[in-house]
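Residue-level listing of the chains:
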Amino acid sequence: MAHIVVENLVKTFRVAERDPGMAGAFRGLVQRRHRTVRALDGISFSLEAGELLGYIGPNGAGKSTTVKILAGILVPDSGRCEVLGRVPWRERIANVRQIGVVFGQRTQLWWDLPVIESFDLLRDIYRVPQAEYACTRDELIAVLDLEPLLAIPVRQLSLGQRMRCDLAASLLHSPSLLYLDEPTIGLDATSKLAVRDFVRRLNRKRGVTVILTTHDMDDIEALCTRVIVISQGRILSDGSLNALRARVTTERQLIVDLVHEEDWLEDPDATVVRREGRRLYLRFDPERISAAALIGRITSRYAIQDLFVENTAIEEIIARLYKGLES
C-alpha cells in the first residue's frame, strides 16, 4: 500500500483586498473586496514506502499548503487524500502519531524551556513508553550531537542548533513519515551538511518516507531520488532529476582552464557562455557531439591546463522551467 495517495486535490483561500492609504482603509470598512486564490488546482501523486521526494516550486506554488493538508492542519475543498490509509484531517490524532513535521521557520519546542524538557513534554503528548522514548532520544542525541544543547533554553539556540533539535523532536515518537518544509533555510554550510547527512541516513537505514520542500537545489541534488515541481497549484513535472534535466535541456557544460590568459577558444559545436580570467565556460549538446570528441578537438588546437565536464546546474534547469511557464 502506498504511504500517501493524493487525487485531484483542490484548496482555495479567500483573500481580502483594499486600496492603499487612509481613503482605501475607510472604503474597506464600508465595502470589502475579496479575491479567491487557488492554492492547489487538482494535484495528484502517490508516494511509496521509503521514498525521498523533493517537492519544489516558486513562492506561493502550493508546497506548504500540500504539507499542511497531509499533516491534517488544513482541509481541502475537494479531492482525495490518504496518509497511511487514513484521511488526515478526519483522523488527526491517529495521523499525527505516524508523522513527523519540521517547518524551517517555526519550532515545535517550548521557547523558554531547556531542550531536554521540551523532549520530555513531547513524550507525554505522544504517549511514548518510557523505555522506548529513552532509547530513541539517546540515539537522536548521539547522531545529531545534541548533548551540549540539552540544558540550554530554546530561545538561546542558534538557528542551526534549533533546527537539529527540531529534527530530533519530530522523530521522538518514531514516525514512518517525515515532512520537512524548508529545513535548511538560513543555515550555514556546516549545519546544512549535518541536516542533509541525517536525513539521508534516516531514509536509507530506517526506511522513513520523506517529503522535502525547499528552495535550496543542493538539498534536492544531495538527497532526492524523485522530484515533483509545482507552480500555481499545478504539478508541472514528476520524475527523477535526470528526467527533469532531459525535459528542459540536454546541454552540458565544459569548463576549460587555458594556459595563457590572453588566449581565446572557439568551436563550431560549443558556445562560450562566460569567462573568468583563464577559465572559460562552454555549453554543448551531447546529442550533437560527444564530450570525448569535443575535448579531443579542443586539446589538439589549444594549450589547456585543465578541463572538466558538468551537467547543467539544477538551479538553471528549474529557472528555465519557470521561465518557460511565464512566456
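Residues numbered from 1 in each chain as written. Predicted model: local features only at pLDDT ≥ 70, side-chain atom pairs only at ≥ 80, totals over all residues. Heavy atoms only, no water.

A. A look at the pairing of strand S5 (residues 99-103). Of all the 5 residues making up S5, 5 are buried; the element is thus mostly covered by neighbouring parts of the structure. Across the two faces of S5 the burial is the same, with Ile 99, Val 101 and Phe 103 and Gly 100 and Val 102 all buried. (Buried < 20%, exposed > 50% of the residue type's maximum accessible area, 1.4 Å probe, protein only. Helix = DSSP H or I, 4+ residues; strand = E, 2+ residues; numbered from the N terminus.)

B. Summary view of the sheet that holds strand S4 (residues 78-83). Judged by pairing direction, the sheet is antiparallel, and its 3 strands sit side by side in the order S2-S1-S4 without closing on themselves. In the strand order of this sheet, the two ends are held by strand S2 (33-47) and S4, each with one partner. With direction set aside, neighbouring strand axes in the sheet form an average angle of 35°. Here 12 bridges tie strand S1 (residues 4-17) to S2, and the two strands are oriented antiparallel to one another. Following the sheet pairing, Val 5 is matched in S2 by Ser 46. (Pairing = 2+ DSSP bridges. Axes fitted to C-alpha atoms, helices over the stretch in contact; angles between N-to-C directions.)

C. Inspection of the nonpolar core at higher detail. Ranked by size, the top nonpolar core spans 48 residues in total, and within it Phe 119, Leu 146, Leu 180, Ile 220, Val 229 and Ile 318 carry the most contacts. For this core, the element with the most residues is helix H6 (residues 159-171), which contributes 6 residues. Non-local contacts of Phe 119, meaning those with residues more than four positions away in its chain, are made with Leu 109, Tyr 133, Arg 137, Leu 146, Leu 150, Cys 165, Ala 168, Ala 169 and Leu 172. Among the nonpolar cores identified, the runner-up in size contains 28 residues, and Ile 43, Val 67, Leu 74 and Phe 103 belong to it. (Core = buried A, V, L, I, M, F, W, Y, C linked by side-chain atoms within 4.5 Å. Contact = heavy atoms within 4.5 Å.)

D. Structural context of the packing of aromatic side chains. Under the definition given, this model contains 1 aromatic pair. Lying over the aromatic face of Phe 13, Lys 11 brings its terminal NZ or CZ to 5.3 Å of the ring centre. If you follow Arg 106 out to its NZ or CZ, it ends over the ring of Phe 103, 5.8 Å from the centre. (Phe/Tyr/Trp six-rings, centres within 6.5 Å; stacked < 30°, edge-to-face > 60°. Lys NZ or Arg CZ within 6 Å of the ring centre and 35° of its normal.)

E. View of the environment of Arg 245. Take Arg 245: it is sitting in helix H9 (residues 241-248). Through-space distance from the C-alpha of Arg 245 to that of Ile 318 is 8.8 Å; in sequence the pair is 73 residues apart. If near-sequence neighbours (up to four positions away) are discounted, Arg 245 is found in contact with Glu 221, Thr 250, Asn 311, Thr 312, Ile 314 and Ile 317.

F. The environment of Ile 289, seen in detail. Relative to the assigned elements, Ile 289 resides in the loop between strand S12 (279-284) and helix H10 (291-301). Separated by 19 residues in the primary sequence, Ile 289 and Ala 270 have C-alpha atoms spaced 9.0 Å apart.

G. The arrangement of the sheet that holds strand S11 (residues 270-276) in detail. The antiparallel open sheet is built from 4 strands, whose spatial order is S11-S12-S10-S13. Because the sheet does not close on itself, it has two edges, and the strands there are S11 and strand S13 (304-311). Going across the sheet, the axis of each strand differs from the next one's by a mean of 20°, ignoring polarity. Here 7 bridges tie strand S10 (residues 252-258) to S13, and the two strands are oriented antiparallel to one another. Bridge pairing links Arg 252 to Asn 311 in S13. Together, S10, S11, S12 and S13 form the strand contacts of H10, whose direction differs from that of S13 by roughly 160°.

H. View of the confidence of the model for the protein chain. Across the protein chain, the average pLDDT comes to 88, with 98% of residues at 70 or higher. Confidence scores differ between elements of the protein chain, with helix H1 (residues 21-30) showing the lowest mean pLDDT of 70 and S4 the highest of 95. (pLDDT = per-residue confidence, 0-100.)

I. Here's a closer look at H9. Of all the residues in H9, the buried ones are Leu 241, Leu 244 and Arg 245. Taken around the axis of H9, the buried residues stretch over an arc of 100°, which confines them to a single face. Seen from the open side of H9, the exposed residues pointing more than 90 degrees away from its buried face are Asn 242 and Ala 246. (Arc of directions from axis to C-beta.)

J. Local environment of the side chain of Glu 51. Position of Glu 51 relative to the elements: it lies in the loop between S2 and strand S3 (52-56). A polar contact of 3.3 Å, which involves the side chain of Glu 51, links it to the side chain of Arg 226. Once residues lying within four places of it in the same chain are set aside, the contact partners of Glu 51 are Ser 46, Asn 203, Val 208, Thr 209, Val 210 and Arg 226. (Polar contact = N/O pair within 3.5 Å; in protein donor to acceptor, adjacent residues only side chain to side chain.)

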